Amino acid sequence: MSKKTMKDVELKGKVVLIRVDFNVPMKDGVITDDNRIVQALSTIKYAIDQGGKLVLFSHLGRVKDEADKADNSLAPVAKRLSQLLNRPITFVGETRGEQLEKAIKAMSNGDVVMFENTRFEDINGKKESKNDPELGKYWASLGDIFVNDAFGTAHRAHASNVGIAANMKDVVAGFLMEKEINFIGNAVDNPVRPFIAILGGAKVSDKISVIENLINKADKILICGAMAYTFYKALGYEVGTSKCENDFVEFAKGLLEKANGKIILPIDTVIVKEFSEFAESRVVTSDQIPADEMGMDIGPKTIELFEKELQGAKTVVWNGPAGVFEFDKFAVGTNGICRILANLVGATTIIGGGDSAAAAIKLGYEDKFSHISTGGGASLEYLEGKLLPGVEIINDKNCCCGNCK
Ligand code: ADP
Ligand code: MG
């Protein structure tokens with residue numbers, strides 16, 4: 001990787017500011033899924049083992065006014081982290097001030113301080129989300145080294161990533177960030193070929209830039225999900241009441257021409273009369289969707305076709321479920337893709353996309369992929385070929401002065 005990581009700097013005795021992504025789902029003050037905390041453990045443990053003095057911080061949920069504070073405190077997260085690390089953590093219920101500064105000064109090597117939700121700073125003037133320069137400068141003043149491990153917010157320039165980095169010399173990637181950059185960054189910029197992208201999900205309009213970027217880079221693009229119907233319409237097929245974006249039919253037409261056979265569309269479709277988990281379904285070839293029915297999933301022949309197309313692939317990036325996977329009955333296509341990718345030998349398989357990741361995990365394939373990205377929006381923007389501000393601020397490995405970004 002071309003970015004510096006924690007391993008490139010000396011952490012011993014240093015106050016190490018670590019921006020983690022602890023934006024975990026919560027219900028009534030209870031964490032319902034601690035995966036994001038678990039994912040950050042390797043970075044945190046390493047910094048402790050190296051003798052750093054750790055200051056952890058993250059955003060959690062959305063905080064518009066004082067009333068939002070109670071539901072969005074990081075206190076339960078600190079408690080859970082303390083259990084997972086099996087060591088005490090000093091939680092400071094503020095985002096700045098004397099109490100925080102004192103807690104940091106009192107630390108010994110290997111100690112951990114965590115402060116309150118960075119978005120509490122959004123209450124008066126969106127200081128965190130709008131990257132208020134004073135706030136970034138203040139947070140930077142609390143430590144010696146900045147470790148950015150929050151890939152999930154890397155597509156946003158906030159005070160807690162970009163703002164701090166602008167005021168610090170040593171800015172390095174945490175291990176989770178490093179993993180995301182290595183897998184998604186390499187797949188897009190420097191893939192081992194054949195490189196095949198599988199793109200599904202709800203809308204073409206959400207994924208236009210991804211398709212445009214990958215069409216130049218991938219050897220093949222397999223389209224599935226509701227996105228396929230806009231492409232069918234571009235081919236002149238009847239799509240019935242399927243989810244279809246009429247405003248993007250022309251775009252889809254242009255892409256099909258430009259793709260020169262690189263785009264593979266589903267050849268059969270599971271259709272129903274109404275959008276329901278219990279609707280009676282049948283399979284038709286893709287150009288035979290009746291005017292009063294809708295497509296909910298790819299059909300069995302498409303799964304076979306995709307399996308054939310994917311043989312020999314060395315890099316596969318998948319974004320967007322193949323059907324309405326939230327209903328078990330229409331999760332067959334998504335499950336099929338999971339199974340095919342799980343059985344590909346010698347291929348790097350990557351999922352980038354919130355719902356696709358959730359689908360693969362729900363279907364029991366969590367450990368069967370080379371990498372499941374932890375950042376929905378961030379991974380999508382990475383696949384679009386955009387530079388992510390939270391990645392750009394990390395020092396380059398081969399920098400001349402210790403401060404090249
Ligand atoms: P990701 O979060 O992985 O990028 P998207 O958000 O683009 O994926 O799309 C996910 C949604 O697409 C799911 O809620 C799923 O139900 C929906 N979807 C997939 N196929 C269809 C279909 N045939 N008709 C309607 N919705 C679909
Ligand atoms: Mg989504």
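Residues numbered from 1 in each chain as written. Chains lettered and ligands numbered in written order. Predicted model: local features only at pLDDT ≥ 70, side-chain atom pairs only at ≥ 80, totals over all residues. Heavy atoms only, no water.

(A) Geometry of the overall build of the protein. Helix and strand counts for the protein stand at 14 helices and 17 strands. C-alpha extents for the protein along the principal axes are approximately 70 × 50 × 35 Å. Out of the 405 residues in the protein, the part that is buried amounts to 56%. Taking the contacts inside the protein whose residues are at least 6 apart along the sequence as the reference set, 73% of them involve residues at least 24 apart. Here the protein has roughly 17300 Å² of accessible surface; of this, 47% comes from carbon and sulfur atoms. Side-chain charges of the protein comprise 49 positive and 55 negative groups, with the mean position of each set lying 4 Å from the other. (Helix = DSSP H or I, 4+ residues; strand = E, 2+ residues; numbered from the N terminus. Buried < 20%, exposed > 50% of the residue type's maximum accessible area, 1.4 Å probe, protein only. Contact = heavy atoms within 4.5 Å. Areas by Shrake-Rupley, 256 points an atom, 1.4 Å probe, with all protein chains shown as cover. Lys, Arg positive; Asp, Glu negative; His and termini not counted. Charge placed at Lys NZ, Arg CZ, Asp CG, Glu CD.)

(B) Quick peek at the sheet that holds strand E5 (residues 90-92). Within the open sheet, the 6 strands sit side by side as E5-E6-E4-E1-E7-E8. Their pairing is parallel. The open sheet terminates on both sides in strands that have one partner only, identified here as E5 and strand E8 (170-173). Within this sheet the neighbouring strands show an average axis-to-axis angle of 25°, counted without direction. Two strands pair when backbone bridges link them, and strand E1 (residues 15-19) and strand E4 (residues 53-57) are joined in this way by 5 bridges, in the parallel orientation. Residue pairing in the sheet places Val15 in a bridge with Lys53 of E4. Relative to the sheet, helix H3 (residues 98-105) contacts E1, E4, E5 and strand E6 (112-115), its axis offset from that of E5 by approximately 160°. (Pairing = 2+ DSSP bridges. Axes fitted to C-alpha atoms, helices over the stretch in contact; angles between N-to-C directions.)

(C) Just the sheet that holds strand E12 (residues 268-272), in detail. Spatial strand order, E13-E12-E14: 3 strands in an open sheet with antiparallel pairing. Since the sheet does not close on itself, it has two edges, and those belong to strand E13 (281-285) and strand E14 (294-298), each with one partner. Taking the axes of each pair of neighbouring strands and ignoring which way they run, one obtains an average angle of 40° across the sheet. The sheet contact formed by E12 and E14 spans 4 bridges and is antiparallel. Across the sheet, the residue bridging to Val270 is Asp297, located in E14.

(D) Quick look at the packing of aromatic side chains. Applying the stated criterion across every chain yields a total of 10 aromatic pairs. Aromatic side chains Phe57 and Phe115 sit 5.0 Å apart centroid to centroid with 5° between the ring planes, which places their arrangement in the stacked category. Placement of the pair is Phe57 in strand E4 and Phe115 in strand E6, with a sequence separation of 58 residues. For the pair formed by Phe57 and Phe115, the shared burial category is buried. Grouped by ring-pair contacts, the aromatic residues Phe57, Phe115, Trp139 and Phe146 constitute a single cluster. (Phe/Tyr/Trp six-rings, centres within 6.5 Å; stacked < 30°, edge-to-face > 60°.)

(E) Just helix H1 (residues 35-49), in detail. Counted at 1.5 Å a residue, the expected span for H1 with its 15 residues is 21 Å, and the 22 Å between its end C-alpha atoms agrees. The largest bend along H1 measures about 40° and falls at Leu41. When we look at burial in H1, the residues that qualify are Ile37, Ala40, Leu41, Thr43, Ile44, Tyr46, Ala47 and Ile48. Residue Gly51 follows H1 closely and has a positive phi angle near 85°. (Expected span 1.5 Å × (residues − 1). Bend = angle between axes of the 7 residues up to and from the residue.)

(F) Spotlight on the domain arrangement of the protein. Splitting the protein by domain gives domain 1 (6-178) and domain 2 (191-383). For domain 1 versus domain 2, the distance between C-alpha centres works out to 36 Å. Counting residues at the interface gives 7 residues for domain 1 and 8 residues for domain 2. Between Arg156 and Glu381 there is a salt bridge whose closest N-O contact spans 3.8 Å. (Domains from an automatic or database assignment. Salt bridge = Lys/Arg side-chain N within 4 Å of Asp/Glu carboxyl O.)

(G) Spotlight on the side chain of His158. Note that His158 resides in the loop between strand E7 (145-148) and helix H5 (159-165). If we ignore the near neighbours within four places in the chain, the residues touching His158 are Arg119, Glu128, Ser129, Asn131 and Gly163.

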